[in-house]
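# Observations on the three-dimensional arrangement
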Amino acid sequence: MKINTEPKLTLFHCLNSFEETASMFDGCDAKTIKMACSSMTKDVHLLRAFEAGADAVLVLVCHEKGCRYAQGSMWAKKRVDYVKTILDDIGMDGRRLNIFNTTAKDSGSIKDIIQNTISQLETIGPNPALNHFN
Amino acid sequence: MITASQKPINEIIELLEPYKKILILGCGTCVKTCFAGGEDEVAVLASALRLSFKKMVRPIEIEEMTIERQCENEFIQEASSSIARNDVILSLACGAGVQAMAKRFSKEVVLPGLNTTFIGIQESSGIFTEECSGCGDCSLATFGGVCPVTRCAKKLLNGPCGGSQNGFCEIDPDTQCAWHLIIERLTTLGQLDNLKTYIPPKNWNTSLCGGPRKLIREDHII
Ligand code: SF4
Ligand code: SF4
């Protein structure tokens, strides 16, 4: 199914992996959620982002070796992978949730990640639960 | 603790088919520790179910609640008003908790959201192992605190068998041989002589094999 309006994107990020720059979110309606550390990525928050209407959810965390809290990025990846399986199980398509290792300085790569997510949504389609929210 | 894991979500969705108002009731003790039925798991399951039902265009109301223990009347009581306003209780407790709820609320439907697995411990982060089968006649004193009834695949009391390989069991190279552990531990404790005594076949009447068991404490009954 094609998305007619701007796709909704929710982006969770740790303090050191993301900094918003102009035009970063062109082509989408974005919400950003800052976490003190990527280890705060919780299953329920990811799922609730979809409940709140996100078509795609991105989690940006530091590179595994660059994580200030040692294992934060690794734990975040575990949470994302787990929630992807839940999304697949309930027919929501786990591909609409992804995690990337980034650094705040590298706004170019982050912009690419966002644009790729938007174009991927053309194939995956909008949040299948979205139209039925009250 | 009693360990359990969540039933596949599609099985849960099927179980919930006839109901519109669902109470997901967590249990804040054992099954919380093994990431199956605590507050966090209740919230995740509730969110996943809401998404799933909305995708199916099926109107549903979900209430979330976690009580300290579903296997004790005192705590169960707290859930009374939530239970009264819902059609069904999806219990994220062990089998004992589900049955305690069903006993206490005899007119309510109580569904199990978990598969109860065993009595065990958290060996390391995210890894739970079975340690006790509740045989009703504990012999850990003889075996240096390692249970062959549970941890030896053949339940040997005068082991090891010939399949013990470099400390691991022949049934699974990832499972430690209980008898290897027993001997190591008794050696450390200087109690290896424990094994000089022949241990006769176990009386399984004290276990589940003798039928469902009951524990009676006359000193706590009036
Ligand atoms: S001997 Fe029986 S009670 Fe003791 S740990 Fe083993 S199974 Fe449990
Ligand atoms: S290898 Fe050890 S644990 Fe496995 S069946 Fe034999 S004695 Fe029991």
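Residues numbered from 1 in each chain as written. Chains lettered and ligands numbered in written order. Predicted model: local features only at pLDDT ≥ 70, side-chain atom pairs only at ≥ 80, totals over all residues. Heavy atoms only, no water.

Attention now goes to the overall build of chain B. Helix and strand counts for chain B come out as 8 helices and 9 strands. Computed over the C-alpha atoms, the radius of gyration of chain B is 22 Å, more than 25% above the 17 Å expected from 2.2 N^0.38 for a compact globule of 222 residues. Summarising its shape, the C-alpha atoms of chain B cover approximately 65 × 50 × 25 Å along the three principal directions. Counting every position in chain B, which comprises 222 residues, the buried fraction comes to 40%. Partitioning the contacts of chain B with sequence separation of at least 6, the portion at a separation of at least 24 is 59%. If you sum the accessible surface of chain B, you get close to 12500 Å²; carbon and sulfur atoms cover 54% of it. (Helix = DSSP H or I, 4+ residues; strand = E, 2+ residues; numbered from the N terminus. Rg over C-alpha atoms; globule rule 2.2 N^0.38 Å. Buried < 20%, exposed > 50% of the residue type's maximum accessible area, 1.4 Å probe, protein only. Contact = heavy atoms within 4.5 Å. Areas by Shrake-Rupley, 256 points an atom, 1.4 Å probe, with all protein chains shown as cover.)

This part is about helix 6 (residues 95-104) of chain B. Given 3.6 residues per helical turn, the α-helix brings residues three or four places apart onto the same face. Residue and element names in this part refer to chain B. Residues of helix 6 that are buried: G97, V98, A100 and M101. Buried residues of helix 6 fall within an arc of 160° about the axis and therefore sit on the same side. Exposed and facing more than 90 degrees away from the buried side of helix 6 are Q99 and K103. Contacts from the buried residues of helix 6 go to strand 2 (21-27), helix 4 (73-76), helix 5 (80-84), strand 4 (88-92) and strand 5 (109-112). (Arc of directions from axis to C-beta.)

The next subject is the interface of chain B and chain A. By a widespread convention, an interface's size corresponds to the accessible area lost as its parts come together. In this assembly, 16 residues from chain B lie in contact with 17 residues from chain A. Carbon and sulfur atoms make up 65% of the surface buried where chain B meets chain A, a total of about 1500 Å² over both sides. A per-residue breakdown of the area chain B buries against chain A is headed by B:L51, B:K54 and B:K55, which together make up 44% of the total. Counting across the interface, chain B meets chain A through 2 salt bridges. With a closest N to O distance of 3.7 Å, B:D40 and A:K42 form a salt bridge. The interface formed by chain B and chain A includes 3 residue pairs in polar contact (both at pLDDT 80 or more). Among the secondary structure elements, those contributing two or more residues to the side of chain B that touches chain A are helix 1 (9-16) and helix 3 (39-55) of chain B. (Buried area = accessible area lost by both parts, 1.4 Å probe. Salt bridge = Lys/Arg side-chain N within 4 Å of Asp/Glu carboxyl O. Polar contact = N/O pair within 3.5 Å; in protein donor to acceptor, adjacent residues only side chain to side chain.)

Hydrogen bonds between backbone groups are what pair the strands of a sheet, and the pairing can be parallel or antiparallel. All names here are of chain A. Strand order in the open sheet formed by 4 strands is 2-1-3-4, and the pairing between neighbours is parallel. What marks the edges here is a single partner per strand, and that holds for strand 2 (29-35) and strand 4 (97-101). The mean inter-strand angle of the sheet, taken between neighbouring strand axes irrespective of direction, is 20°. Lying over the sheet, helix 1 (residues 43-51) contacts strand 1 (8-14), strand 3 (56-61) and strand 4, oriented at roughly 145° with respect to strand 3. Helix 2 (residues 72-89) contacts strand 3 and strand 4 of the sheet and is inclined by roughly 160° relative to strand 4. (Pairing = 2+ DSSP bridges. Axes fitted to C-alpha atoms, helices over the stretch in contact; angles between N-to-C directions.)

In the region of ligand 1, the neighbouring residues are B:C132, B:S133, B:G134, B:C135, B:C138, B:S139, B:L140, B:C147 and B:T150. Along the lines of polarity and charge, the residues of the shell around ligand 1 split into 5 nonpolar, 4 polar and no charged. (Near = heavy atom within 4 Å. Nonpolar A, V, L, I, M, F, W, Y, C, P; charged D, E, K, R; others polar.)

Once that is clear, we can look at the domain arrangement of chain B. Partitioning chain B into domains gives domain 1 (2-118) and domain 2 (137-201). Taking only C-alpha atoms into account, the centre of domain 1 of chain B sits 39 Å from that of domain 2 of chain B. (Domains from an automatic or database assignment.)

Attention now moves to the packing of aromatic side chains. For the structure on display, the rule yields 3 aromatic pairs over all chains. Pairing A:F18 with A:F25 gives two aromatic rings, centres 6.1 Å apart and planes at 45°, and the pair type is tilted. Assigned by exposure class, A:F18 and A:F25 land together as buried. Measuring from ring centre to ring centre gives 5.5 Å for B:F143 and B:W179, while their planes differ by 80°; the resulting arrangement is edge-to-face. In this pair, B:F143 sits in the loop between strand 7 (127-132) and helix 7 (148-151) while B:W179 sits in helix 8 (residues 178-189), placing the two residues 36 residues apart along the sequence. Neither residue differs from the other here; B:F143 and B:W179 are each classed as buried. (Phe/Tyr/Trp six-rings, centres within 6.5 Å; stacked < 30°, edge-to-face > 60°.)

Time to look at the side chain of A:N98. All names here are of chain A. Among the secondary structure elements, N98 is positioned in strand 4. Of the polar contacts made by the side chain of N98, one reaches the side chain of K84; its length is 3.1 Å. Excluding its chain neighbours within four sequence positions, the residues that come into contact with N98 are V57, L58, V59, V80, K84 and Q120.

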